[in-house]
Structures are given as structure tokens and as C-alpha cells.
Amino acid sequence: MNVTATQDITVLDLPFFDVQVSDTTPGSEVARLFEQNYSLPGIIVMDKKGFRGMVSRNQFFQRLGRLFGIEVYATRPITSFLDSLSIPPLLVPAEMTIQNAAIVCLARPVEYVYDPFVVTMKDQPPHLVDFLALILKQTELLTAAQIEAHAQRVAAVSASNAKSDFLAHMSHELRTPLTAIIGYGEILIEDVGAGQIGESLPRLESIVSAGLHLLEMINGILDLAKIEARKMDLFLTTFSLPDFILELTSIVQPLMKKNGNEFSVISDHAINEMHSDETKLRQCLTNLIGNAAKFTSQGHVGLNIQKETLEYGDWLIFQVSDTGIGMNETQMSRLFEAFYQADSSISRHYGGTGLGLSLTKQFCEMLGGNLTVRSAVNQGTTFTMKVPVRSKERAIHVSSLNQNEI
Amino acid sequence: MKRILFVEDDEMSRDVISTRLSRSGYEVVMAEDGYQALDVVSTQVFDLIILDMSMPGLSGWETAKKLKASPGTASIPILALSAHTMSTDRKRALDSGCGDFDSKPVNLPRLLGKIEALLGSSKQATT
């Protein structure tokens, strides 16, 4: 429940009435004021010293209707009405919450419970507030709190389900390479025992490759866990962007050979230096370019770097585009989920842990930026990574920018 | 020699487990997914089917249902073998018509025990 917001709302936020009369005003004049304004719940009475009392519409007309009521209350000054009341008016300080005001109002004797109450403020004239306005506001706040609590419950259940899904996936993804490692290991033990080691080499190679895959996955899972526990730190330094791009190119160039792809870089030279986490930035771009190379054959992978100046600072736009197999909208909608690969056969054909894009997106957001994707089946894919030229230690997440551009 | 159809999409798991089953004295035929498995059972006879559950294309759950719904294959016992090891995964496999469930990585003596139990019970059922 959003308690803070509810507690911030005080009786001062309620509509009020400030019709006042002096203590010498005759009751008939008060009756005329009430008749002129049917929504007026009460009138404040002031004397020379200040606040003298409150005339509630209910109490006043009830007394007028009594035997000799008009003679007693209409012809004499209003103070004779005030003196007939058995309790003083309820005075509520302006900073009292709606909830507490409702409690004290409802605690009044039953014949006064529907009366308005007086809100007092230091150095200001008192206001009069209708009891009904208070109760309506209280109901409104409770309804809002209920809706909020329901939404939070739904979100908590959904987060818990997502966590269970993640664990189930993780268990599956870790067990698969372990099946190979343990199985080949046991086969090799049998072979060595029988003195037959002829076919061992490919099996040993499989153990190593499954082990490396497992290691990559464990590192990815640890990174995600660190990010979630907010233990992943940014290591911000100022470095040369041209040098960074040069180094990045030398890392990704070998990835192009496997599928016979061409790689090109177009860079806006307006920016020389950037202040960011170089390692994470490199990891993000290596991952995006590596993915592009994996899903493109005999095609082109491009990295385009542009500067964008907005009112809240300078940004670098890294666009990684390919001419590869692309994705449909369903595949794109789940792309950034951990362990989600557009098709489970993808990890077999294309490799990868299913964690890279999830991590890349999280890193971009840690740097204060965002990652979006545009793609269509057989028409290639473009990832757009937008990061500030100068990242801050505690990055502000621009969540509205994080929607996929589908 | 008992004939086992082993359906598994992961290449290394397929190689490892089929090697171990062959060495344990079974004749093993392999299929890479559910569709291939349905093709193979239409032309060959098997004593047991070992089925991976999460496979692309036709999943293990769907394959098991189809095998159990077809008169020609309904009597072949199916052993679900999955890296999904939550209790719900076991239940889902049994609900799809599998006779038993085992988890990956494989514990060979346990797997062989389950295979023998299923082969034994199917013999009783057919005699």
C-alpha cells in the first residue's frame, strides 16, 4: 500500500467554507445566509478576540424547529445558539491527515457526528470543512490504496513467477553441458580401464568445449545476479573513443570470417573522449556485433557511431546492423529475457548462452542509456545502443526510452 | 537384444547417452526430434522409447501423446529423460503418457534400473 502518499494528504487539501459572522449577528441573519447557500454546511462565528464558535446547519435548523425555537434563536444574537450546544466545535490542526481527522470526527457524540469541523492554522483565519467532504476523500484514498495494493500484489506474483522460470531455465541450461562432461568422463574411464583410448580425443575436446560453455554461462548468471543485487559496480574512466573503436574492431574482425561476412565502421569524429565503463561498453558491443555475425551469412555487419546532443547532455548512438536472418515480432518481444533464444534450436545451431542480450541491456541501463532493436524476418536486425558520453556513478534510468522499437 | 529409440536434440547428450546405452547391451537407434521419432517408429519396431522433453519442433510431451494415441505404438513404454527436473516436469511427462521419468545428467545405474523396470512391465502386459 502506498502509505506515504496517503499520509501526505491533510485536511488542508479538502474544500473549505469561510463564511463568517460576528457574535452579535441575530439568528435570523444566520438563517438567511444558510438559505442563500444550500451547500453551506456551517458558519464560523468570530468575536473581538477571534474565533468564538461554529454554527452547524443541522444543529441550527433543528433548534429553530423546536417549540419557541424561532423566538429563542432567530431573534437573539447567535451566541444564544452557541450556548445551547453541549460540546465545543471540533478543531483540527491543518497538518492532520485525512485518516486521523476521520477518526476524531467519527468519535463525536452521535447527534454531532455529521457536523462540519474547523481547521485551524497559525496566523490565519479558521476554515470550515464539511464532514461529507472528509468522508468522500477518505473513501477515495482507501480505494486508491486498495487498487495500488492489488497492483503491487500482482507485480510481486509476476516477479516471483519470473524468478521461478529463471531458476528452472538455469537448472536446465547447466545440466545440459554437465550431461556431456559427466557422460564423456565416465565413457573415458571405461575406455582407459579397458585399455582402449583410440577414440578419446574428440571426447576430451567435447568435455573441454562443454566446460567452457558452462563457465561462460556461470559468469553470465553471476553478472545478472550481481546486477539484481545492485552489487555490480561501474568503473568509470575517461578514455579515447577512436582508440576504443580501433581495439573493438580488432576483437570483432576475426568473428566475421566464420560466416564470410564483411564488417565496416562508420564513426562521427566529433567526439574524442568519453567517460564511461570501458570494459562493460566493450562487452556490450562485442556481444551485439558477435550476435550480428552469428545470424548473418555472406552478408554485412556494420557499426555506426553518431553523436546526439540533447538538453540533458551528449549521447553516443552505437548502431549495430546486419543483413542476416532477422526476427519476427514475437521473437523480438522476448529478446531481452534471460535464457530466451528465439528458438531453442538456436543455441544448437548458433551457440551462445541466452544471457548476452539480457546482460547487454542491463549494462546499457547501468551506464544511464538504453538498448532497442528493430528487425524483420530475412531483412536483418539493427540494435541501437544509446549511452551518455559522460556516464554518472549513479545512473538515472530513462525507462520510457527502454521500449522496443518494433 | 532389446531395441531402444533414443530421441534427443542436443548433439553431445545424444552421443554420450547412446554410447552408454549401447555399451550396456542395447541396440540404440537415434532421432533428433519428435517428427523424426514418429517417422522412425512407423517403419521399425522398438521395445522402449527414451524421449527428451524440451525439443524444438515437436516437443517430447507432444510426441509422447501422439505415440500413446496411435494403436501401432501405444504399447511401447516411454521413458522421459529431461534436464528439466522440477517436480512439475516429472508430472507433466507422466501426464503425457510416459511410464517413468529420469533426469539429466544421467546416473547410469539408475537409468538402467528404470529401463529394465519399464521393459519388464511391458513384457508382463503383453503376455
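Here we take up the interface of chain B and chain A. Residue-level contacts link 20 residues of chain B with 20 residues of chain A. Tallied by class, residues from the side of chain B that touches chain A come to 9 nonpolar, 5 polar and 6 charged.

Residues and elements named next belong to chain A. Reading across from one edge, β4-β5-β6 is the order of the 3 strands in this open sheet, with mixed pairing throughout. Pairing within the sheet leaves two strands with one partner each, and these edge strands are β4 (91-93) and β6 (124-129). Each neighbouring strand pair of the sheet contributes to a mean axis angle of 35 degrees, computed without reference to strand direction. Bridge count between strand β5 (residues 117-121) and β6: 4 bridges; the pairing is antiparallel. Paired with valine 119 across the strands is histidine 127, a residue of β6.

Time to look at helix α3 (residues 60-69) of chain B. Residues and elements named next belong to chain B. Of the residues making up α3, those classed as buried are Gly60, Trp61, Thr63, Ala64 and Leu67. For α3, the angular spread of buried residues about the axis comes to 160 degrees, placing them on one side. Buried-residue contacts for α3 involve β1 (3-7), α2 (34-43), β3 (48-51), β4 (78-82) and α4 (87-95).

Turning next to the confidence of the model for chain B. The predicted coordinates should not be examined in detail at positions where pLDDT is low. Overall, the prediction assigns chain B a mean pLDDT of 92, with 96% of residues at 70 or greater. For this predicted complex, the interface score ipTM comes out at 0.88, alongside a pTM of 0.67.

What follows deals with the packing of helix α9 (residues 241-252) of chain A against helix α10 (residues 278-294) of chain A. Residue and element names in this part refer to chain A. Close contact between α9 and α10 brings their axes to 10 Å; oriented N to C, the two are set at 40 degrees. Taken together, the axis directions place α9 and α10 in an arrangement best described as oblique. In the crossing of α9 with α10, the sense of the turn from one axis to the other is right-handed. In contact with Phe244, Leu248, Ile251 and Val252 of α9, α10 contributes Glu278, Arg282, Leu285, Thr286, Ile289 and Gly290. Taken together, the residues of the contact of α9 with α10 sort by class into 6 nonpolar, 2 polar and 2 charged.

Residue and element names in this part refer to chain B. Spatial strand order, β2-β1-β3-β4-β5: 5 strands in an open sheet with parallel pairing. Only two strands of the sheet have a single partner each, and these edge strands are β2 (27-31) and β5 (100-103). Put simply, the sheet's adjacent strands are angled 20 degrees from each other on average, direction ignored. Across 5 bridges, β1 lies against β2 in parallel orientation. Looking at β2, one finds that isoleucine 4 is bridged to valine 28. Strand contacts of α3: β1, β3 and β4, with the helix running at about 160 degrees to β3, the strand carrying the most contacts.

Procedures and definitions
Residues numbered from 1 in each chain as written. Chains lettered and ligands numbered in written order. Predicted model: local features only at pLDDT ≥ 70, side-chain atom pairs only at ≥ 80, totals over all residues. Contact = placed C-beta atoms within 7 Å. Nonpolar A, V, L, I, M, F, W, Y, C, P; charged D, E, K, R; others polar. Pairing = 2+ DSSP bridges. Helix = DSSP H or I, 4+ residues; strand = E, 2+ residues; numbered from the N terminus. Axes fitted to C-alpha atoms, helices over the stretch in contact; angles between N-to-C directions. Buried ≥ 20, exposed ≤ 12 C-beta atoms within 10 Å, placed from the backbone. Arc of directions from axis to C-beta. pLDDT = per-residue confidence, 0-100. Parallel < 35°, antiparallel > 145°, perpendicular 65-115°, else oblique. Left-handed = near helix turned anticlockwise from the far one by under 90°.

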